[in-house]
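Topology and contacts: notes
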Amino acid sequence: MRTAYSVDTVRTAERALMARLPEGALMQRAAAGLAAACAELLGRVYGRRVVLLVGSGDNGGDALHAGARLARRGAGVTAVLLAPPARTHAGGLAALARAGGRAVGADRGAEAVARADLVVDGVVGIGGRGGVRADAEPLVDAVERARAAVVAVDLPSGVEADSGEVRGRAVRADLTVTFGTHKPALLVDPAREYAGSVRLVDIGLRSELPAEPALEALQHADVAALLPRPGAASDKYRRGVVGIAAGSARYPGAAVLAVSGALRGGAGAVRYVGPAGDAVLARFPETLVSDRGPREAGRVQAWVVGPGAGDEAASVGEVLAQDVPVLIDADGLRLADRAAVRARTAPTLLTPHAGEAAALLGVAREEVEAARLASARELAQRYGATVLLKGSTTLVADPGGGPVRVNATGTAWLATAGSGDVLSGLAGSLLASGLSARDAGSVAAYLHGLAGRFAADGAPAGAHDVADAIPSAWRDVVDD
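Computed from a predicted structure; not experimentally measured.

**Some words on the UniProt feature "domain: YjeF N-terminal" (unreviewed entry) in the chain**
In the numbering used here, UniProt assigns the feature "domain: YjeF N-terminal" (unreviewed entry) to residues 10–211. In residues 10–211, helix accounts for 36% and strand for 18%; the two terminal C-alpha atoms are 13 Å from one another.

In C-alpha coordinates:
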(Lines give C-alpha, C1' and ligand atoms only; values in the text may rest on other atoms or scores of the structure.)
Protein backbone atom coordinates (compact mmCIF):
# COMPACT_ATOMS: atom_id res chain seq x y z
CA MET A 1 0.00 0.00 0.00
CA ARG A 2 1.25 3.48 -0.85
CA THR A 3 0.98 5.90 2.06
CA ALA A 4 1.33 9.65 2.54
CA TYR A 5 1.93 11.61 5.74
CA SER A 6 1.32 15.19 6.79
CA VAL A 7 4.05 17.81 6.98
CA ASP A 8 4.03 17.85 10.78
CA THR A 9 4.36 14.07 10.93
CA VAL A 10 7.20 14.06 8.41
CA ARG A 11 9.10 16.77 10.25
CA THR A 12 8.72 15.00 13.58
CA ALA A 13 10.03 11.79 12.03
CA GLU A 14 12.95 13.60 10.39
CA ARG A 15 13.97 15.17 13.69
CA ALA A 16 13.92 11.79 15.40
CA LEU A 17 16.01 10.24 12.63
CA MET A 18 18.52 13.11 12.48
CA ALA A 19 19.11 12.76 16.21
CA ARG A 20 20.47 9.26 15.56
CA LEU A 21 22.57 10.11 12.49
CA PRO A 22 25.78 12.10 11.93
CA GLU A 23 25.13 15.74 11.05
CA GLY A 24 24.13 16.18 7.42
CA ALA A 25 23.70 12.44 6.76
CA LEU A 26 19.97 12.71 6.04
CA MET A 27 20.46 15.47 3.48
CA GLN A 28 23.22 13.47 1.81
CA ARG A 29 20.90 10.48 1.49
CA ALA A 30 18.27 12.67 -0.12
CA ALA A 31 20.79 14.35 -2.42
CA ALA A 32 22.19 11.01 -3.56
CA GLY A 33 18.74 9.77 -4.52
CA LEU A 34 17.91 13.07 -6.23
CA ALA A 35 21.15 13.08 -8.22
CA ALA A 36 20.62 9.48 -9.32
CA ALA A 37 17.12 10.29 -10.55
CA CYS A 38 18.39 13.35 -12.44
CA ALA A 39 21.19 11.34 -14.04
CA GLU A 40 18.72 8.68 -15.17
CA LEU A 41 16.45 11.31 -16.69
CA LEU A 42 19.36 12.97 -18.51
CA GLY A 43 20.67 9.66 -19.83
CA ARG A 44 24.16 11.13 -20.27
CA VAL A 45 25.44 13.47 -17.55
CA TYR A 46 28.77 14.61 -18.96
CA GLY A 47 28.46 17.91 -20.81
CA ARG A 48 24.80 18.44 -19.96
CA ARG A 49 23.62 21.79 -18.59
CA VAL A 50 21.83 21.62 -15.25
CA VAL A 51 20.18 24.60 -13.55
CA LEU A 52 19.24 24.48 -9.88
CA LEU A 53 16.50 26.82 -8.64
CA VAL A 54 17.52 27.27 -5.02
CA GLY A 55 15.45 28.68 -2.20
CA SER A 56 16.62 29.47 1.31
CA GLY A 57 15.53 26.23 3.02
CA ASP A 58 16.71 22.65 3.21
CA ASN A 59 14.92 21.99 -0.07
CA GLY A 60 17.49 24.22 -1.70
CA GLY A 61 20.25 22.41 0.20
CA ASP A 62 19.11 19.10 -1.26
CA ALA A 63 19.26 20.62 -4.74
CA LEU A 64 22.74 22.05 -4.17
CA HIS A 65 24.22 18.80 -2.88
CA ALA A 66 22.63 16.87 -5.75
CA GLY A 67 23.98 19.46 -8.17
CA ALA A 68 27.47 18.96 -6.74
CA ARG A 69 27.23 15.24 -7.43
CA LEU A 70 26.19 15.92 -11.03
CA ALA A 71 28.99 18.46 -11.46
CA ARG A 72 31.53 15.86 -10.34
CA ARG A 73 30.24 13.66 -13.17
CA GLY A 74 30.93 16.36 -15.74
CA ALA A 75 27.68 18.32 -15.90
CA GLY A 76 27.78 22.09 -16.12
CA VAL A 77 25.78 23.11 -13.05
CA THR A 78 24.45 26.60 -12.33
CA ALA A 79 22.60 27.41 -9.13
CA VAL A 80 20.11 30.29 -9.36
CA LEU A 81 19.80 31.72 -5.84
CA LEU A 82 16.49 33.25 -4.83
CA ALA A 83 17.95 34.46 -1.53
CA PRO A 84 21.31 36.08 -0.72
CA PRO A 85 24.18 33.60 -0.26
CA ALA A 86 24.17 34.29 3.47
CA ARG A 87 20.60 32.91 3.67
CA THR A 88 21.24 29.95 1.35
CA HIS A 89 22.31 26.52 2.60
CA ALA A 90 26.01 27.06 3.33
CA GLY A 91 27.10 23.44 3.12
CA GLY A 92 25.33 22.94 -0.19
CA LEU A 93 26.85 26.09 -1.69
CA ALA A 94 30.34 25.05 -0.59
CA ALA A 95 29.88 21.54 -2.01
CA LEU A 96 28.74 22.91 -5.37
CA ALA A 97 31.67 25.32 -5.54
CA ARG A 98 34.17 22.54 -4.76
CA ALA A 99 32.66 20.42 -7.54
CA GLY A 100 33.06 23.20 -10.09
CA GLY A 101 29.53 24.52 -10.17
CA ARG A 102 28.64 28.18 -10.04
CA ALA A 103 25.96 30.33 -8.42
CA VAL A 104 24.16 33.34 -9.91
CA GLY A 105 21.42 35.66 -8.73
CA ALA A 106 17.77 35.38 -9.62
CA ASP A 107 18.12 38.21 -12.15
CA ARG A 108 20.15 35.86 -14.35
CA GLY A 109 17.92 32.87 -13.78
CA ALA A 110 15.73 33.10 -16.88
CA GLU A 111 18.78 33.21 -19.11
CA ALA A 112 20.26 30.13 -17.45
CA VAL A 113 16.98 28.21 -17.59
CA ALA A 114 16.60 28.94 -21.32
CA ARG A 115 19.88 27.09 -22.02
CA ALA A 116 19.34 24.20 -19.62
CA ASP A 117 18.90 20.53 -20.40
CA LEU A 118 17.55 19.92 -16.89
CA VAL A 119 16.02 22.22 -14.29
CA VAL A 120 15.92 21.16 -10.63
CA ASP A 121 13.19 22.90 -8.64
CA GLY A 122 14.40 23.49 -5.08
CA VAL A 123 12.60 26.78 -4.50
CA VAL A 124 10.10 25.88 -1.77
CA GLY A 125 9.86 22.83 0.46
CA ILE A 126 6.92 21.00 1.98
CA GLY A 127 6.02 23.94 4.19
CA GLY A 128 5.08 26.24 1.31
CA ARG A 129 1.65 27.89 1.23
CA GLY A 130 -0.23 29.90 -1.37
CA GLY A 131 1.90 29.45 -4.47
CA VAL A 132 5.45 30.68 -5.07
CA ARG A 133 6.41 34.19 -3.97
CA ALA A 134 6.23 37.01 -6.49
CA ASP A 135 10.03 37.15 -6.87
CA ALA A 136 10.04 33.51 -8.04
CA GLU A 137 7.25 33.89 -10.60
CA PRO A 138 9.59 35.01 -13.43
CA LEU A 139 11.54 31.79 -12.94
CA VAL A 140 8.34 29.72 -13.08
CA ASP A 141 7.52 31.50 -16.34
CA ALA A 142 10.99 30.74 -17.67
CA VAL A 143 10.66 27.06 -16.78
CA GLU A 144 7.32 26.86 -18.62
CA ARG A 145 8.90 28.37 -21.73
CA ALA A 146 12.02 26.20 -21.65
CA ARG A 147 12.46 22.83 -23.30
CA ALA A 148 14.36 21.44 -20.34
CA ALA A 149 13.15 18.49 -18.30
CA VAL A 150 12.02 19.58 -14.82
CA VAL A 151 12.67 17.67 -11.61
CA ALA A 152 11.00 18.84 -8.39
CA VAL A 153 12.73 18.30 -5.05
CA ASP A 154 10.30 16.56 -2.66
CA LEU A 155 7.33 18.54 -3.99
CA PRO A 156 6.75 21.00 -6.85
CA SER A 157 7.15 24.54 -5.54
CA GLY A 158 3.82 26.30 -5.10
CA VAL A 159 1.64 23.29 -4.27
CA GLU A 160 0.44 22.73 -0.71
CA ALA A 161 1.74 19.50 0.73
CA ASP A 162 -1.08 18.55 3.09
CA SER A 163 -4.12 19.62 1.10
CA GLY A 164 -3.12 19.10 -2.53
CA GLU A 165 -4.33 22.63 -3.28
CA VAL A 166 -2.66 25.02 -5.71
CA ARG A 167 -3.55 28.58 -4.74
CA GLY A 168 -1.14 30.48 -6.95
CA ARG A 169 1.69 29.95 -9.42
CA ALA A 170 3.42 26.60 -9.17
CA VAL A 171 6.14 24.66 -10.96
CA ARG A 172 5.03 21.87 -13.29
CA ALA A 173 7.50 19.01 -13.03
CA ASP A 174 8.16 16.05 -15.28
CA LEU A 175 9.45 14.12 -12.27
CA THR A 176 9.15 14.69 -8.54
CA VAL A 177 11.71 13.00 -6.30
CA THR A 178 10.26 12.78 -2.82
CA PHE A 179 12.04 11.61 0.30
CA GLY A 180 11.08 9.14 3.02
CA THR A 181 7.36 9.03 2.27
CA HIS A 182 4.82 10.43 -0.13
CA LYS A 183 3.17 13.71 0.77
CA PRO A 184 -0.61 14.04 0.29
CA ALA A 185 -0.24 16.54 -2.55
CA LEU A 186 1.58 13.94 -4.64
CA LEU A 187 -1.51 11.72 -4.62
CA VAL A 188 -4.37 14.26 -4.77
CA ASP A 189 -5.41 16.60 -7.55
CA PRO A 190 -5.00 19.35 -8.48
CA ALA A 191 -1.45 19.22 -7.05
CA ARG A 192 -0.82 15.74 -8.42
CA GLU A 193 -1.03 17.10 -11.97
CA TYR A 194 1.97 19.32 -11.22
CA ALA A 195 4.15 16.49 -9.91
CA GLY A 196 4.57 14.44 -13.08
CA SER A 197 5.98 11.00 -12.36
CA VAL A 198 6.88 10.46 -8.71
CA ARG A 199 9.90 8.61 -7.37
CA LEU A 200 10.17 7.80 -3.67
CA VAL A 201 13.71 7.77 -2.25
CA ASP A 202 14.23 5.73 0.91
CA ILE A 203 16.16 7.79 3.46
CA GLY A 204 15.44 5.55 6.45
CA LEU A 205 12.38 7.44 7.62
CA ARG A 206 9.95 4.53 7.65
CA SER A 207 10.86 3.36 11.15
CA GLU A 208 10.05 6.80 12.57
CA LEU A 209 6.61 7.19 10.98
CA PRO A 210 3.40 6.29 12.84
CA ALA A 211 1.24 3.38 11.77
CA GLU A 212 -1.65 5.56 10.56
CA PRO A 213 -0.95 7.80 7.55
CA ALA A 214 -2.98 10.77 6.34
CA LEU A 215 -3.66 9.12 2.99
CA GLU A 216 -3.31 5.65 1.58
CA ALA A 217 -3.59 4.23 -1.92
CA LEU A 218 -4.40 0.58 -2.52
CA GLN A 219 -2.19 -1.45 -4.86
CA HIS A 220 -2.99 -4.69 -6.69
CA ALA A 221 -2.12 -6.90 -3.73
CA ASP A 222 -4.26 -4.87 -1.34
CA VAL A 223 -7.27 -5.09 -3.64
CA ALA A 224 -6.76 -8.80 -4.25
CA ALA A 225 -6.82 -9.41 -0.50
CA LEU A 226 -10.18 -7.63 -0.19
CA LEU A 227 -12.01 -9.16 -3.14
CA PRO A 228 -14.83 -11.55 -2.18
CA ARG A 229 -14.31 -15.16 -3.21
CA PRO A 230 -16.99 -17.86 -3.08
CA GLY A 231 -16.29 -20.96 -1.05
CA ALA A 232 -17.34 -24.57 -1.57
CA ALA A 233 -20.54 -24.04 0.46
CA SER A 234 -21.47 -20.75 -1.22
CA ASP A 235 -24.78 -20.23 -2.93
CA LYS A 236 -26.22 -17.09 -4.51
CA TYR A 237 -27.74 -15.93 -1.24
CA ARG A 238 -24.65 -16.56 0.89
CA ARG A 239 -22.63 -14.54 -1.61
CA GLY A 240 -24.97 -11.61 -1.06
CA VAL A 241 -27.88 -10.04 -2.87
CA VAL A 242 -27.66 -6.41 -3.94
CA GLY A 243 -30.77 -4.36 -4.59
CA ILE A 244 -30.77 -1.71 -7.32
CA ALA A 245 -33.41 1.03 -7.08
CA ALA A 246 -32.58 3.08 -10.14
CA GLY A 247 -33.79 4.33 -13.48
CA SER A 248 -36.92 6.13 -14.61
CA ALA A 249 -39.01 6.51 -17.72
CA ARG A 250 -36.62 9.23 -18.83
CA TYR A 251 -33.40 7.42 -17.83
CA PRO A 252 -33.91 3.64 -18.16
CA GLY A 253 -30.29 3.22 -19.25
CA ALA A 254 -29.04 4.22 -15.80
CA ALA A 255 -30.78 1.16 -14.36
CA VAL A 256 -29.28 -1.13 -17.00
CA LEU A 257 -25.79 0.21 -16.38
CA ALA A 258 -26.05 0.03 -12.59
CA VAL A 259 -27.19 -3.58 -12.88
CA SER A 260 -24.32 -4.31 -15.28
CA GLY A 261 -21.82 -3.14 -12.67
CA ALA A 262 -23.57 -5.01 -9.87
CA LEU A 263 -23.58 -8.32 -11.77
CA ARG A 264 -19.80 -8.12 -12.03
CA GLY A 265 -19.10 -7.17 -8.42
CA GLY A 266 -19.08 -10.49 -6.63
CA ALA A 267 -22.59 -10.63 -5.16
CA GLY A 268 -24.61 -13.79 -5.84
CA ALA A 269 -27.71 -12.07 -7.18
CA VAL A 270 -29.07 -8.69 -8.20
CA ARG A 271 -32.61 -7.51 -7.42
CA TYR A 272 -33.89 -4.64 -9.50
CA VAL A 273 -36.74 -2.35 -8.43
CA GLY A 274 -38.00 0.45 -10.66
CA PRO A 275 -39.74 1.35 -13.90
CA ALA A 276 -36.98 0.02 -16.19
CA GLY A 277 -37.55 -3.66 -15.46
CA ASP A 278 -38.21 -4.59 -19.09
CA ALA A 279 -35.02 -2.89 -20.26
CA VAL A 280 -33.01 -4.58 -17.50
CA LEU A 281 -34.41 -8.05 -18.27
CA ALA A 282 -33.83 -7.60 -22.00
CA ARG A 283 -30.14 -7.06 -21.35
CA PHE A 284 -29.64 -9.15 -18.20
CA PRO A 285 -32.24 -11.92 -17.85
CA GLU A 286 -30.53 -13.23 -14.69
CA THR A 287 -31.69 -10.14 -12.76
CA LEU A 288 -34.44 -10.61 -10.15
CA VAL A 289 -36.97 -7.90 -11.07
CA SER A 290 -39.68 -6.61 -8.75
CA ASP A 291 -42.36 -3.96 -9.28
CA ARG A 292 -43.42 -3.71 -5.61
CA GLY A 293 -40.95 -1.08 -4.42
CA PRO A 294 -37.84 -1.45 -2.27
CA ARG A 295 -39.76 -2.24 0.92
CA GLU A 296 -41.45 -5.28 -0.66
CA ALA A 297 -38.73 -6.38 -3.06
CA GLY A 298 -37.35 -9.19 -0.92
CA ARG A 299 -34.27 -9.62 1.18
CA VAL A 300 -31.05 -7.89 0.15
CA GLN A 301 -27.71 -7.39 1.87
CA ALA A 302 -27.17 -3.90 0.40
CA TRP A 303 -28.98 -1.30 -1.70
CA VAL A 304 -27.93 1.03 -4.48
CA VAL A 305 -30.32 3.93 -4.95
CA GLY A 306 -30.42 7.01 -7.15
CA PRO A 307 -28.89 6.49 -10.61
CA GLY A 308 -31.31 7.94 -13.14
CA ALA A 309 -34.06 8.17 -10.50
CA GLY A 310 -35.29 11.58 -11.62
CA ASP A 311 -37.61 12.90 -8.90
CA GLU A 312 -38.61 9.54 -7.39
CA ALA A 313 -38.03 10.48 -3.74
CA ALA A 314 -40.22 7.69 -2.32
CA SER A 315 -37.81 4.94 -3.31
CA VAL A 316 -34.91 6.82 -1.76
CA GLY A 317 -36.78 7.17 1.52
CA GLU A 318 -37.76 3.49 1.53
CA VAL A 319 -34.17 2.40 0.93
CA LEU A 320 -32.75 4.68 3.63
CA ALA A 321 -35.20 3.20 6.14
CA GLN A 322 -33.78 -0.30 5.69
CA ASP A 323 -31.14 -1.57 8.10
CA VAL A 324 -28.61 -2.70 5.49
CA PRO A 325 -25.69 -0.89 3.84
CA VAL A 326 -26.85 1.66 1.28
CA LEU A 327 -25.05 3.39 -1.58
CA ILE A 328 -26.56 6.70 -2.72
CA ASP A 329 -25.62 8.07 -6.12
CA ALA A 330 -26.70 10.65 -8.70
CA ASP A 331 -30.32 11.83 -8.25
CA GLY A 332 -30.44 9.99 -4.93
CA LEU A 333 -27.91 12.43 -3.51
CA ARG A 334 -30.27 15.31 -4.23
CA LEU A 335 -33.35 13.48 -2.96
CA ALA A 336 -31.90 11.98 0.23
CA ASP A 337 -32.74 13.79 3.45
CA ARG A 338 -29.53 14.56 5.32
CA ALA A 339 -31.10 13.95 8.71
CA ALA A 340 -32.32 10.55 7.54
CA VAL A 341 -28.83 9.67 6.33
CA ARG A 342 -27.25 10.77 9.61
CA ALA A 343 -29.81 8.78 11.59
CA ARG A 344 -28.92 5.52 9.89
CA THR A 345 -27.05 2.89 11.91
CA ALA A 346 -26.09 0.70 8.95
CA PRO A 347 -23.23 1.90 6.70
CA THR A 348 -23.96 4.53 4.05
CA LEU A 349 -21.77 5.30 1.04
CA LEU A 350 -22.27 8.52 -0.95
CA THR A 351 -20.71 8.64 -4.43
CA PRO A 352 -20.87 12.22 -5.77
CA HIS A 353 -18.84 13.83 -8.51
CA ALA A 354 -17.54 17.36 -7.90
CA GLY A 355 -20.73 19.09 -9.03
CA GLU A 356 -22.94 16.95 -6.82
CA ALA A 357 -20.58 17.38 -3.87
CA ALA A 358 -20.68 21.14 -4.39
CA ALA A 359 -24.49 21.12 -4.29
CA LEU A 360 -24.49 19.10 -1.07
CA LEU A 361 -21.93 21.43 0.53
CA GLY A 362 -23.57 24.62 -0.76
CA VAL A 363 -20.44 25.85 -2.56
CA ALA A 364 -19.34 26.35 -6.14
CA ARG A 365 -18.04 23.35 -8.07
CA GLU A 366 -14.72 25.13 -8.51
CA GLU A 367 -14.25 25.17 -4.74
CA VAL A 368 -14.62 21.40 -4.55
CA GLU A 369 -12.26 20.82 -7.45
CA ALA A 370 -9.64 23.13 -5.92
CA ALA A 371 -9.87 21.49 -2.48
CA ARG A 372 -10.88 17.89 -3.15
CA LEU A 373 -9.39 16.41 0.01
CA ALA A 374 -10.99 18.95 2.34
CA SER A 375 -14.31 18.63 0.49
CA ALA A 376 -14.46 14.84 0.83
CA ARG A 377 -13.68 15.03 4.54
CA GLU A 378 -16.24 17.78 5.14
CA LEU A 379 -18.98 15.95 3.26
CA ALA A 380 -18.34 12.73 5.19
CA GLN A 381 -18.55 14.61 8.47
CA ARG A 382 -21.75 16.49 7.56
CA TYR A 383 -23.63 13.37 6.46
CA GLY A 384 -22.12 10.91 8.91
CA ALA A 385 -21.42 8.68 5.91
CA THR A 386 -18.52 7.36 3.91
CA VAL A 387 -17.94 9.53 0.83
CA LEU A 388 -16.48 8.44 -2.49
CA LEU A 389 -15.68 11.68 -4.33
CA LYS A 390 -15.28 10.81 -7.99
CA GLY A 391 -12.70 12.47 -10.21
CA SER A 392 -9.26 12.07 -11.75
CA THR A 393 -8.14 10.96 -8.32
CA THR A 394 -11.06 9.37 -6.52
CA LEU A 395 -11.12 9.90 -2.75
CA VAL A 396 -12.84 7.75 -0.13
CA ALA A 397 -13.30 9.42 3.28
CA ASP A 398 -14.91 8.01 6.41
CA PRO A 399 -17.01 10.16 8.76
CA GLY A 400 -14.89 9.22 11.75
CA GLY A 401 -11.67 10.43 10.17
CA GLY A 402 -8.68 8.17 9.63
CA PRO A 403 -6.68 7.80 6.42
CA VAL A 404 -8.42 8.94 3.25
CA ARG A 405 -8.15 6.39 0.47
CA VAL A 406 -6.90 7.67 -2.89
CA ASN A 407 -7.38 5.93 -6.22
CA ALA A 408 -5.68 6.92 -9.46
CA THR A 409 -6.19 3.85 -11.67
CA GLY A 410 -8.66 5.59 -13.95
CA THR A 411 -8.36 7.27 -17.31
CA ALA A 412 -9.82 10.44 -18.75
CA TRP A 413 -11.90 8.23 -21.07
CA LEU A 414 -14.02 7.33 -18.02
CA ALA A 415 -15.55 10.80 -18.21
CA THR A 416 -18.48 9.46 -20.19
CA ALA A 417 -22.22 9.21 -19.58
CA GLY A 418 -23.20 6.22 -17.46
CA SER A 419 -19.73 5.40 -16.17
CA GLY A 420 -20.74 6.44 -12.66
CA ASP A 421 -23.80 4.19 -12.80
CA VAL A 422 -21.55 1.21 -13.47
CA LEU A 423 -19.35 2.21 -10.54
CA SER A 424 -22.32 2.49 -8.18
CA GLY A 425 -23.56 -0.97 -9.10
CA LEU A 426 -20.10 -2.45 -8.70
CA ALA A 427 -19.60 -0.84 -5.29
CA GLY A 428 -23.07 -1.88 -4.16
CA SER A 429 -22.36 -5.48 -5.07
CA LEU A 430 -19.16 -5.38 -3.01
CA LEU A 431 -21.17 -3.96 -0.09
CA ALA A 432 -23.60 -6.87 -0.38
CA SER A 433 -20.65 -9.27 -0.38
CA GLY A 434 -19.71 -8.03 3.08
CA LEU A 435 -17.07 -5.34 2.49
CA SER A 436 -17.19 -2.20 4.60
CA ALA A 437 -18.29 1.03 2.93
CA ARG A 438 -14.68 2.21 2.85
CA ASP A 439 -13.35 -1.02 1.34
CA ALA A 440 -16.26 -1.41 -1.09
CA GLY A 441 -15.79 2.13 -2.38
CA SER A 442 -12.02 1.81 -2.63
CA VAL A 443 -12.03 -1.57 -4.35
CA ALA A 444 -14.80 -0.55 -6.74
CA ALA A 445 -12.94 2.62 -7.73
CA TYR A 446 -9.76 0.63 -8.31
CA LEU A 447 -11.43 -2.03 -10.48
CA HIS A 448 -13.56 0.56 -12.30
CA GLY A 449 -10.46 2.58 -13.13
CA LEU A 450 -8.60 -0.46 -14.44
CA ALA A 451 -11.66 -1.52 -16.43
CA GLY A 452 -11.78 1.95 -17.95
CA ARG A 453 -8.19 1.63 -19.09
CA PHE A 454 -8.77 -1.83 -20.54
CA ALA A 455 -11.98 -0.78 -22.29
CA ALA A 456 -10.53 2.38 -23.79
CA ASP A 457 -7.05 1.15 -24.72
CA GLY A 458 -6.28 4.60 -26.08
CA ALA A 459 -9.65 5.19 -27.76
CA PRO A 460 -13.12 6.31 -26.65
CA ALA A 461 -15.24 3.73 -24.82
CA GLY A 462 -18.81 3.71 -23.57
CA ALA A 463 -20.00 2.89 -20.08
CA HIS A 464 -21.18 -0.55 -21.23
CA ASP A 465 -17.62 -1.25 -22.45
CA VAL A 466 -16.34 -0.39 -18.98
CA ALA A 467 -18.77 -2.82 -17.38
CA ASP A 468 -17.75 -5.55 -19.81
CA ALA A 469 -14.07 -5.00 -18.89
CA ILE A 470 -14.57 -5.40 -15.12
CA PRO A 471 -13.89 -9.18 -15.19
CA SER A 472 -10.59 -8.52 -16.97
CA ALA A 473 -9.66 -5.95 -14.33
CA TRP A 474 -10.61 -8.41 -11.58
CA ARG A 475 -8.44 -11.15 -13.11
CA ASP A 476 -5.56 -8.71 -13.58
CA VAL A 477 -5.63 -7.88 -9.87
CA VAL A 478 -5.94 -11.48 -8.69
CA ASP A 479 -3.32 -12.87 -11.09
CA ASP A 480 -0.73 -10.15 -10.51
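On we go from here.
**A word on the sheet that holds strand β16 (residues 386–389)**
Strand pairing in a sheet relies on backbone hydrogen bonds. The paired strands run either parallel or antiparallel. With respect to topology, 11 strands assemble into an open sheet ordered β1-β9-β18-β17-β16-β15-β14-β13-β10-β11-β12, the strand pairing being mixed. With partners counted over all chains shown, the strands left at the sheet margins are β1 (2–4) and β12 (288–290), one partner each. With direction set aside, neighbouring strand axes in the sheet form an average angle of 20°. Its contacts with the sheet place helix α18 (residues 437–456) against β9 (215–217), β15 (348–350), β16, β17 (394–397) and β18 (404–407), and it is angled at close to 10° to β18.

**Re the sheet that holds strand β4 (residues 102–105)**
Read from one edge to the other, the open sheet built from seven strands follows the order β4-β3-β2-β5-β6-β7-β8, with strand pairing classed as parallel. The open sheet terminates on both sides in strands that have one partner only, identified here as β4 and β8 (197–201). Across the sheet, the axes of successive neighbouring strands diverge by a mean angle of 20°, strand direction being ignored. Here helix α3 (residues 58–72) sits on the sheet in contact with β2 (49–54), β3 (76–81), β5 (118–122), β6 (149–153) and β7 (175–179), set at roughly 165° to β2.

**What about the packing of aromatic side chains?**
All chains considered together, the criterion is met by zero aromatic pairs. In this arrangement the basic side chain of Arg172 is found over the ring face of Tyr194, its NZ or CZ atom lying 4.0 Å from the centre. Positioned above the aromatic ring of Tyr383, the side-chain terminus of Arg338 is 5.9 Å from the ring centre.

**Considering the nonpolar core**
If you look at the biggest cluster of nonpolar residues, it comprises 55 residues, and the most contacted ones within it are Leu34, Val50, Leu52, Leu70 and Val120. Of all the elements, helix α2 (residues 25–42) adds the most residues to this core, at 10 residues. Sequence-distant contacts of Leu70, that is, excluding residues within four places in its chain, are made with Ala35, Cys38, Ala39, Val45, Val50, Ala75 and Val77. The next biggest cluster of nonpolar side chains, apart from the first, holds 51 residues, and it includes Leu227, Val256, Ala267 and Leu423.

**A look at helix α11 (residues 313–320)**
What α11 keeps buried is the set Ser315, Val316, Glu318, Val319 and Leu320. Packing partners of the buried residues in α11 comprise β10 (241–245), β13 (302–305), β14 (326–328), α12 (331–335) and α13 (338–343).

**Re unusual backbone geometry**
With an omega dihedral of 10°, the bond running from Asp189 to Pro190 counts as a cis peptide bond. Relative to the helices and strands, Pro190 is located in the loop between β7 and α7 (191–195). One non-glycine residue, Ala330, adopts positive backbone phi at about 50°. Relative to the elements of secondary structure, Ala330 occurs in the loop between β14 and α12. For Ala330, a relative accessible area of 19% corresponds to the buried category.

**Here's the deal with the packing of α3 against helix α4 (residues 90–98)**
Direction vectors running N to C along α3 and α4 enclose 15°, while the axes themselves pass 8 Å from each other. On the basis of their axis angle, the class for α3 and α4 is roughly parallel. Judged by the twist between their axes, the crossing of α3 over α4 is left-handed. For the pair α3 and α4, the contacting residues are Leu64, His65, Gly67 and Ala68 in the first and Gly91, Gly92, Leu93, Ala95 and Leu96 in the second. Of the residues assigned to the contact of α3 with α4, the class counts are five nonpolar, four polar and no charged.

About the thresholds
Residues numbered from 1 in each chain as written. Predicted model: local features only at pLDDT ≥ 70, side-chain atom pairs only at ≥ 80, totals over all residues. Heavy atoms only, no water. UniProt positions renumbered as here; feature names shortened; annotations may be inferred. Helix = DSSP H or I, 4+ residues; strand = E, 2+ residues; numbered from the N terminus. Pairing = 2+ DSSP bridges. Axes fitted to C-alpha atoms, helices over the stretch in contact; angles between N-to-C directions. Contact = heavy atoms within 4.5 Å. Phe/Tyr/Trp six-rings, centres within 6.5 Å; stacked < 30°, edge-to-face > 60°. Lys NZ or Arg CZ within 6 Å of the ring centre and 35° of its normal. Core = buried A, V, L, I, M, F, W, Y, C linked by side-chain atoms within 4.5 Å. Buried < 20%, exposed > 50% of the residue type's maximum accessible area, 1.4 Å probe, protein only. Parallel < 35°, antiparallel > 145°, perpendicular 65-115°, else oblique. Left-handed = near helix turned anticlockwise from the far one by under 90°. Nonpolar A, V, L, I, M, F, W, Y, C, P; charged D, E, K, R; others polar.

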